[in-house]
Amino acid sequence: MSLRKWLVMNKIVLDKELKDYTNSDIEVSYQKQSDLLNIPCLSIKVNNKTDLLLELNGYIDKINIDIVINCDCNIYIDCTSDDMKIKYHYSINNSSKCNVYKYNQVNHINEMCVVDLDSIGSDIEYIFKSICTYKENYDYVINHNCQNTISNITNNGVNKSGAMNIQISGYIPKNIIGCTCNQNNRIINLTNNKCEIRPNLYIDCDDVNANHSALIGKFDDNEMFYLNSRGISEIDATNLLIKGFILNGMENEDILKKITKDIDKYWR
Amino acid sequence: MDTLKITNLSVSVDDKVIIKDFNLEIKSGEIHVIMGPNGTGKSTLTKVIMGDKNYQVLKGDIKFNDKSIKELTTDERARLGIFLGMQSPLEIEGVTNADFLRTAISTKEQDNFKLFEFIKELDKTVDYLKMNKDMIHRGLNQGFSGGERKKNEILQMYMLKPKCILLDEIDSGLDVDSLKIVGNAVMDYYKEYNASILVITHYQRLLNYIKPTHVHVMNNGTIVKSGGAELVKEIEQNGYVKNNKKVESLGTCVVKEMVSHE
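Below or above, wherever it landed, is the structure these notes cover. (Residues numbered from 1 in each chain as written. Chains lettered and ligands numbered in written order. Predicted model: local features only at pLDDT ≥ 70, side-chain atom pairs only at ≥ 80, totals over all residues. Heavy atoms only, no water.)

**Some remarks on the overall build of chain A**
Put simply, the rule reads: Starting at the N terminus, helices and strands are each numbered in turn, a helix being any DSSP run of H or I of at least four residues and a strand any DSSP run of E of at least two. Exposed residues in this analysis have more than 50% of their type's maximum accessible area, buried residues have under 20%, and partly exposed residues fall in between, with area computed by a 1.4 Å probe over protein chains only. Residues count as neighbours in contact if any of their non-hydrogen atoms are within 4.5 Å of one another. Per-residue and other accessible areas follow the Shrake-Rupley method at a 1.4 Å probe size, with only the shown protein chains counted as cover for residues.
Scanning chain A for helices and strands turns up three helices and 15 strands. Within chain A, buried positions represent 56% of all 268 residues. A separation of at least 24 residues holds for 70% of the contacts in chain A among residues at least 6 apart in sequence. Entry remark: accessible area of chain A is about 11500 Å², with carbon and sulfur atoms responsible for 46%.

**What to know about the sheet that holds strand E11 (residues 214-219) of chain B**
Residue and element names in this part refer to chain B. To keep it simple, the criterion reads: Two strands are counted as paired when DSSP detects at least two bridges linking them. For every element, the axis is a line fit to its C-alpha atoms; helices are fit only across the contacting stretch, and the angle between N-to-C directions ranges from 0 to 180 degrees.
On the basis of which strands lie adjacent, the open sheet formed by six strands has the order E6-E9-E10-E3-E11-E12 and mixed pairing. The open sheet is flanked by strand E6 (82-85) and strand E12 (222-227), the only strands paired with a single partner. Sheet twist, expressed as the average angle between the axes of neighbouring strands with direction ignored, equals 20 degrees. In terms of strand pairing, E6 meets strand E9 (residues 164-168) through four bridges, oriented parallel. From the neighbouring strand, Gly85 faces E9, where its bridge partner is Leu167.

**A few points about the sheet that holds strand E5 (residues 67-68) of chain B**
Residue and element names in this part refer to chain B. On the basis of which strands lie adjacent, the open sheet formed by four strands has the order E2-E1-E4-E5 and antiparallel pairing. Edge positions in the sheet fall to strand E2 (16-27) and E5, since each has one partner strand and no second. Contacts from helix H1 (residues 42-50) reach strand E1 (3-13), E2 and strand E4 (56-64), with the element oriented near 110 degrees to E1.

**Thoughts on the interface of chain B and chain A**
Put simply, the rule reads: Note on terms: buried area is the combined drop in 1.4 Å-probe accessible area of two parts once they are placed together, counting the loss on both. Each reported salt bridge corresponds to a side-chain nitrogen of Lys or Arg within 4 Å of a carboxyl oxygen of Asp or Glu. Whenever two N or O atoms come within 3.5 Å, that pair is a polar contact, provided that in protein one can donate a hydrogen and the other can accept it, and provided that, for residues adjacent in sequence, both atoms are side-chain atoms. Note on residue classes: Ala, Val, Leu, Ile, Met, Phe, Trp, Tyr, Cys and Pro are nonpolar, Asp, Glu, Lys and Arg are charged, and everything else, Gly too, is polar.
Opposite the 32 residues of chain B that make contact, chain A presents 17 residues. Summed over the three residues of chain B that lose the most area to chain A, namely Leu90(B), Ile92(B) and Phe100(B), the buried surface amounts to 23% of that side. The interface formed by chain B and chain A contains one salt bridge. With a closest N to O distance of 2.6 Å, Glu153(B) and Arg230(A) form a salt bridge. Applying the counting criterion to the chain B and chain A interface returns eight residue pairs in polar contact (both at pLDDT 80 or more). Of all the secondary-structure elements, those providing two or more residues to the side of chain B that touches chain A are H1, helix H2 (74-80), E6, strand E7 (92-96), helix H3 (97-109) and helix H5 (146-160) of chain B. A per-element tally of the side of chain B that touches chain A places H3(B) first, with five residues. Classifying every residue of the side of chain B that touches chain A by side-chain character gives 14 nonpolar, nine polar and nine charged.

**Here we look at the side chain of Asn93(A)**
All names here are of chain A. Counting through the fold element by element, Asn93 comes out in the loop between strand E7 (73-92) and strand E8 (97-117). A polar contact is formed between the side chain of Asn93 and the side chain of Asn70, at a distance of 3.2 Å. Apart from residues lying up to four places away in sequence, Asn93 is in contact with Val68, Ile69, Asn70, Asp118, Ser119 and Ser122.

This is the structure:
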């Protein structure tokens, strides 16, 4: 994964009514209610290389977010809410590379995420982390609409006291050759509640590179023994292992601090 | 004076008895070496001393400074000052060496933990062990070679300053230079802190640097022969097979004698 930090960080906070605005990097338009489904809709167009931080602070419980990406960008999403229904739609054009780093701290969420890789060489690196306390359902659809497109999707969740379900489907139609479609899903389930991962690859083409992994379980006993053998207590070892699991791969300093605070709140 | 005393210890895993009526006493200032064929329970012994839950203690006791540690958890045993340098140190993704060590030492030192002192000592020990400085900020043992992992175990030993050290095949995966560094580091630590050390090894080469005060041969879960450093040469020349044949009956006697002393 190649990471570049762009000079300008554009920040969008959804804590009150958002007005349309445009700058040289992004265009943001907000419709309070879309015509058909009575759901507010936020549209973001990325026109220049940029870092974009999207903060959802729980003021809105239903929203559709359309992100059209016309240029390389890093998108950081920090979502805090009690109860939320949300749909993200990413359209990645102009052979752009988009890195998404996302952290959810929610009680109950139904989230849909559709990625359309719409031009040759479009590339998404998606890293999602969550600490589940009640009920979280995620449904991903990754459409490889053009040749040589790349999707690397990582979902890491720690189930503290709830139930977490992830369904992820990658589609590569006929004649869309040279694509890479990877899904890496792991839930550390610290409860006896049922968690589920359903990874699907729908591939109608020979010349592709596709992998999927799904793992639900507790931390390895040997890892715990190793940490304990250095005098680290069970709770501190859990804290350390969760930090390693959840912080690994995340980039934004503010989000990292927030995750660290959440982990210390639950496991200390 | 710190003493680790193992009495009549029998241990099983998955209903198979691995260690039988095992007796051993290690005091401060002593270096005990246990040698023996593969699968005789040497590594199991170190893990049982450390409190690995995968093993079931059938009978016997393990005491550290006259207090039984059998019911203590692994972290409680470690905080008493027992350290296990593992044969195959684990790779833990995302947990950096620095975070791991800081957590371990701040747990041990509680309110006395001083970050600046910790960083200074860590830097010094990394240099002493000729390790790459960037390893400290990498994931725990992540992408480390076999030798780097073993050096990392010794680094942890130096930082945690245990009283009783168990080293399980610390020489495996080490090249000649690294073996010398690790061997000398263990000896330097021993001299500085008058620690008690139990070394599990297959090869005499480590003992060119670590000079044992006691050598034991272990077979079928028990000590079959004990002696001084000269026993290592005997094993090197004759191997375990000949040695075991020679000492099988004697071995039983040794164990019985130790039991009767109890």
